[in-house]
Amino acid sequence: MLSQALSGAPIGRQAGLPIPATDIDQTNAAQQPEVLAQAPAQELVQGFVENQIEELAEEQTEEQIAEQKTSWLAKLKGGLAKTGQSLGSLFIGVRVDEDLFEELETALIMADAGVEATAQLMAALRARVKRDRIEEADAVRQALKDVLAEHLKVLEKPFDVGHVKPLVVMITGVNGAGKTTSIGKLANALQQRGAKVLLAAGDTFRAAAREQLVEWGNRNNVSVIAQDGADPAAVAFDSVHAGRARGMDIVMVDTAGRLPTQLHLMDELKKIRRVIAKADPTAPHEVLLVVDGNSGQNVLSQIRSFDAAVGLTGLIVTKLDGTAKGGTLAAVAAGSQGTRPVPVYWIGVGEKMEDLQPFVAADFAAALVG
């Protein structure tokens with residue numbers, strides 16, 4: 001034992017006995033002084049690298065968002081180029097006088113803004129020019145953008161998801177407005193926000209419509225409730241129950257395209273709404289109308305008719321792809337021809353999945369004025 005003590009090693013180690021924890025710590029410290037000294041430095045370097053990676057990822061994300069925003073605005077400007085070029089050309093090499101205001105008034109009416117909305121816009125523009133003592137044509141252009149953005153602001157409203165589950169959305173529209181395609185794009189957009197979506201093929205009259213919706217479901221990996229030859233109201237009823245049972249966030253019910261003058265089909269639309277309410281007394285939570293951006297003032301009559309039948313909560317404006325004038329939304333915002341200013345949730349400018357985006361009044365105004 002004396003020799004063991006003189007050796008400097010713990011007695012327990014040489015005798016094969018357990019070594020106290022304090023002995024282990026001291027032994028490791030003695031044997032690995034460099035490792036212990038290097039550990040804090042390694043942790044510091046690792047932390048620095050991780051921070052750099054996180055900052056780079058954030059910068060890339062911001063750059064990607066900026067690129068997407070620029071791309072979307074370019075598409076929107078291209079989609080409204082017909083009106084943008086018409087209005088924009090009026091500000092080149094001219095004086096700020098009554099002739100300019102008269103030409104702007106004519107251009108707005110020709111852009112489908114309508115007499116009522118045009119009168120409101122021109123009154124606001126004249127007041128802005130006088131108040132700010134604007135003397136340059138380009139400054140008048142910017143003032144018109146601002147006035148139009150303020151005018152359209154009443155239509156800007158975010159689509160609220162999550163306040164009820166499932167959120168039952170009824171989709172309506174006339175034939176050829178792009179209703180089924182918009183549903184497919186909308187399902188994708190909502191999935192990107194983390195929502196679980198279920199589609200209901202309520203257009204049971206056309207086999208092609210069911211097949212198209214099923215195809216969109218496959219592309220988005222979304223389930224579709226479809227029944228050949230079934231009553232549309234029954235499909236909607238079953239879909240609401242299925243959405244609740246499966247824990248879905250959103251149930252979107254497609255309906256057959258119809259003209260407001262087809263009274264029996266409008267009555268059927270009312271029936272679908274009533275039956276949905278039997279499946280969920282609070283539903284449908286959203287009733288959307290899909291309108292073709294090329295329809296001009298005819299959009300107003302569609303809004304009035306569908307709103308009277310089923311109580312619209314929002315619009316999806318499609319086909320703003322270069323031929324649309326775009327001024328119709330100014331008429332909607334003004335409540336022209338007895339139309340209620342129904343919010344515009346989304347606008348579409350192309351065929352790609354990402355070409356359906358939320359409506360932003362300022363962006364739309366900037367693209368429309370050019």
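Reading the values: rules and limits
Residues numbered from 1 in each chain as written. Predicted model: local features only at pLDDT ≥ 70, side-chain atom pairs only at ≥ 80, totals over all residues. Heavy atoms only, no water. Buried < 20%, exposed > 50% of the residue type's maximum accessible area, 1.4 Å probe, protein only. Helix = DSSP H or I, 4+ residues; strand = E, 2+ residues; numbered from the N terminus. Core = buried A, V, L, I, M, F, W, Y, C linked by side-chain atoms within 4.5 Å. Contact = heavy atoms within 4.5 Å. Salt bridge = Lys/Arg side-chain N within 4 Å of Asp/Glu carboxyl O. pLDDT = per-residue confidence, 0-100. Pairing = 2+ DSSP bridges. Axes fitted to C-alpha atoms, helices over the stretch in contact; angles between N-to-C directions.

Draft legend 1. Here's a closer look at helix α15 (residues 361-369). Counting buried residues along α15, seven of its nine residues qualify, which places the element largely inside the surrounding structure. Considered for burial, the residues of α15 that qualify are Ala361, Asp363, Phe364, Ala365, Ala367, Leu368 and Val369. Looking one or two places after α15, you find Gly370, whose phi comes out positive at around 85°.

Draft legend 2. A look at the nonpolar core. Ranked by size, the top nonpolar core spans 102 residues in total, and within it Leu104, Leu152, Met252 and Phe364 carry the most contacts. Residue contributions to this core peak at eight residues, all from helix α8 (residues 137-152). Discounting residues that sit within four places of it in the chain, Met252 has contacts with Val169, Ile183, Leu186, Ala187, Leu190, Val197, Leu198, Leu199 and Ala200.

Draft legend 3. Local environment of the pattern of salt bridges. Using the criterion set out here, one finds 15 salt bridges in the structure. Members of the salt-bridge network, linked through shared partners, are Arg128, Asp146 and Glu150.

Draft legend 4. Layout of the confidence of the model for the protein chain. Overall, the prediction assigns the protein chain a mean pLDDT of 83, with 80% of residues at 70 or greater. For residues 1-37, every residue scores under 50 in pLDDT, and the model assigns this stretch 12 contacts once sequence neighbours within four places are set aside.

Draft legend 5. Looking closely at the sheet that holds strand β1 (residues 167-173). Spatially, the eight strands line up as an open sheet ordered β3-β2-β4-β1-β5-β6-β7-β8, and their pairing is mixed. Where the open sheet ends on each side, the last strands, each with one partner, are β3 (223-225) and β8 (356-358). Put simply, the sheet's adjacent strands are angled 25° from each other on average, direction ignored. The pairing of β1 with strand β5 (residues 286-292) spans five bridges and is parallel. Bridging from a neighbouring strand, Ile171 pairs with Leu288 of β5. Packed on one face of the sheet, helix α13 (residues 298-310) meets β1, β5 and β6 (314-318) and runs near 160° to β5.

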